[in-house]
Amino acid sequence: MAYENTDDSFAGPAAGGTGAGAGTEPGMSDSLRTFGAFVQALREHAGLSREEFGDHVRFSKHTVASIEQGRRMPDRDFVERAEAALGNTGALRKAAPHLSRQAGLASWFRQWARLETQAVTLWTYECRVVPGLLQTERYARSVTVSVPPVKDEEQVAKQVMARLERQHLLDRRPPAAFSFIIEQAVIERGTGGIDVTRELLDSLVERSSQFNVELQIMPRHQPDHAGFDGPLMLLESQDNKWFGYAEGQRGGMLISDPKEVSIMLQRYAKLRSQALTSEDSRSLLKKLRGAL
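### So, the overall build of the protein
Working step 1: Along its length, the protein carries 12 helices and seven strands.
Working step 2: Out of the 292 residues in the protein, the part that is buried amounts to 50%.
Working step 3: Intrachain contacts of the protein at a sequence separation of at least 6 include 76% that bridge at least 24 residues.
Working step 4: Element-wise, carbon and sulfur atoms account for 51% of the exposed surface of the protein, whose accessible area totals about 13900 Å².

In structure tokens form, the structure reads like this:
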């Protein structure tokens with residue numbers, strides 16, 4: 001299918017995606033609970049306690065409990081070691097790519113989030129807010145509480161946690177290659193106030209020096225601009241297939257049609273050429289930080 005769009009909002013992707021819509025709040029991730037129950041059943045069938053199983057997979061019994069109860073996303077090491085400890089059936093290995101991380105991500109974003117976990121390349125252009133993968137906790141909270149309707153503390157906490165937990169992608173092994181293009185005006189908006197902006201700028205400078213992260217700032221004055229149609233996200237899967245993602249006020253769209261994805265790739269390539277270089281972008285971020 002070329003486009004898939006579902007309007008059941010909660011916490012969207014990148015940053016904008018505050019999920020302020022009227023859709024129902026998703027519960028705890030069903031896929032994580034199912035996977036955890038399966039791990040537990042296989043462990044008990046093998047006659048292993050959580051502590052004994054933990055010794056086999058080199059994780060603590062508390063981590064094993066969190067995974068079995070659907071509260072924690074299993075990483076690749078856990079899956080591979082669990083396979084070896086539980087008979088090498090291949091079931092866990094086949095199930096792992098279909099896991100969605102947790103409640104707090106909008107239903108229309110979860111398919112993209114699953115693709116993200118296996119991607120080798122991830123590109124993001126944002127003109128509304130700092131991308132979720134680069135947000136600090138205080139910035140994420142400020143974005144979340146700013147957009148109506150009013151949310152209670154539990155809703156805010158879930159959305160912020162969901163956004164921050166996606167950031168493990170930046171440090172995963174094997175690493176993926178990341179490119180971010182952010183409008184200068186987004187950073188200068190001062191979301192959350194001066195202290196939040198200072199912290200955000202410090203974090204952006206640090207992330208921009210990471211070996212697998214390229215961060216470019218689109219300057220305020222740029223008459224020739226390829227991003228007038230709004231934010232976009234692109235990823236390359238392990239089998240080198242490209243997907244696109246676009247998000248609006250009330251939903252998101254996964255794009256897999258090669259012709260449509262090609263257009264997004266062309267636009268992103270032009271955006272890269274129009275934005276400041278990585279070095280100049282880092283210098284600008286430091287200058288903005290010093291001015292606060």
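Still to come is the rest of the account.
### A closer look at helix α3 (residues 61-68)
Working step 1: Among the eight residues that make up α3, six are buried, leaving the element largely enclosed by the rest of the structure.
Working step 2: Residues of α3 that are buried include every one of T63, V64, A65, S66, I67 and E68, and no others.
Working step 3: Among the structural elements, α1 (30-45), α2 (50-57) and α4 (76-85) are those in contact with the buried residues of α3.
Working step 4: One or two residues past the end of α3 sits G70, with phi positive at roughly 75°.

### Here we look at the pattern of salt bridges
Working step 1: For the structure shown, the criterion picks out 17 salt bridges.
Working step 2: Of the charged contacts in the structure, one is a salt bridge between R50 and E68, with a shortest N-O distance of 2.7 Å. Within this pair, whereas R50 is found in helix α2, its partner E68 is found in helix α3, the two being separated by 18 residues in sequence.
Working step 3: Among the residues examined, E68 registers a relative accessible area of 4% and is labelled buried.
Working step 4: In this structure, R267 and D229 form a salt bridge, with 3.1 Å as the shortest nitrogen-oxygen distance. Taken together, the positions of R267 in helix α11 (residues 258-274) and D229 in the loop between β4 (213-218) and β5 (232-236) put the pair 38 residues apart, joining distant regions of the chain.
Working step 5: Judged by its relative accessible area of 35%, R267 falls in the partly exposed class.
Working step 6: We classify D229 as exposed; its relative accessible area is 65%.
Working step 7: Among the ionic contacts, a cluster of salt bridges with common partners joins R43, E44, R50 and E68.

### Details of the packing of helix α7 (residues 137-146) against helix α8 (residues 153-165)
Working step 1: Look at α7 against α8: their axes get within 9 Å of each other, and the N-to-C directions meet at 130°. Here α8 runs oblique to α7, going by the angle between their axes. α7 and α8 meet at a crossing whose hand is right-handed. Residue-level inspection shows E137, A140, R141, V143, T144 and V145 of α7 in contact with α8, the latter providing E153, V156, Q159, V160, R163 and L164.
Working step 2: Per-class residue counts for the contact of α7 with α8 are six nonpolar, two polar and four charged.

### Considering the packing of aromatic side chains
Working step 1: Throughout the structure, instances matching the rule amount to six aromatic pairs.
Working step 2: For the ring pair W123 and W242, a centre distance of 4.9 Å and an interplane angle of 50° mean the geometry is tilted. Note that W123 is positioned in strand β2 (residues 121-126) and W242 in strand β6 (residues 242-247), a separation of 119 residues in sequence.
Working step 3: Residue classification places W123 among the buried positions, given a relative accessible area of 17%.
Working step 4: The class of W242 is partly exposed, set by a relative accessible area of 21%.
Working step 5: Residues W123 and Y268 carry aromatic rings whose centres are separated by 5.1 Å and whose planes lie at 15° to one another, so their mutual orientation is stacked. Taken as a pair, W123 in strand β2 and Y268 in helix α11 lie far apart in primary sequence, 145 residues in all. Summarising the burial analysis for this pair, W123 and Y268 share the class buried.
Working step 6: Three or more aromatic residues link up through ring pairs in this structure, and these residues are F53, F59 and F78.
Working step 7: Over the ring of W123 we find R272; its NZ or CZ atom is 4.5 Å from the centre of that ring.

### Here we look at the nonpolar core
Working step 1: In this structure, W112, V130, F178 and I187 are the most contacted members of the largest nonpolar core, which totals 35 residues.
Working step 2: Considering each element in turn, this core owes the most residues, five residues, to helix α10 (residues 194-208).
Working step 3: Excluding residues that lie within four positions of it along the chain, F178 makes contacts with L122, L133, L169, L170, N212, V213 and E214.
Working step 4: Of all hydrophobic cores here, the second largest spans 18 residues; its members include V39, F59, M73 and L92.

About the cut-offs
Residues numbered from 1 in each chain as written. Predicted model: local features only at pLDDT ≥ 70, side-chain atom pairs only at ≥ 80, totals over all residues. Heavy atoms only, no water. Helix = DSSP H or I, 4+ residues; strand = E, 2+ residues; numbered from the N terminus. Buried < 20%, exposed > 50% of the residue type's maximum accessible area, 1.4 Å probe, protein only. Contact = heavy atoms within 4.5 Å. Areas by Shrake-Rupley, 256 points an atom, 1.4 Å probe, with all protein chains shown as cover. Salt bridge = Lys/Arg side-chain N within 4 Å of Asp/Glu carboxyl O. Axes fitted to C-alpha atoms, helices over the stretch in contact; angles between N-to-C directions. Parallel < 35°, antiparallel > 145°, perpendicular 65-115°, else oblique. Left-handed = near helix turned anticlockwise from the far one by under 90°. Nonpolar A, V, L, I, M, F, W, Y, C, P; charged D, E, K, R; others polar. Phe/Tyr/Trp six-rings, centres within 6.5 Å; stacked < 30°, edge-to-face > 60°. Lys NZ or Arg CZ within 6 Å of the ring centre and 35° of its normal. Core = buried A, V, L, I, M, F, W, Y, C linked by side-chain atoms within 4.5 Å.

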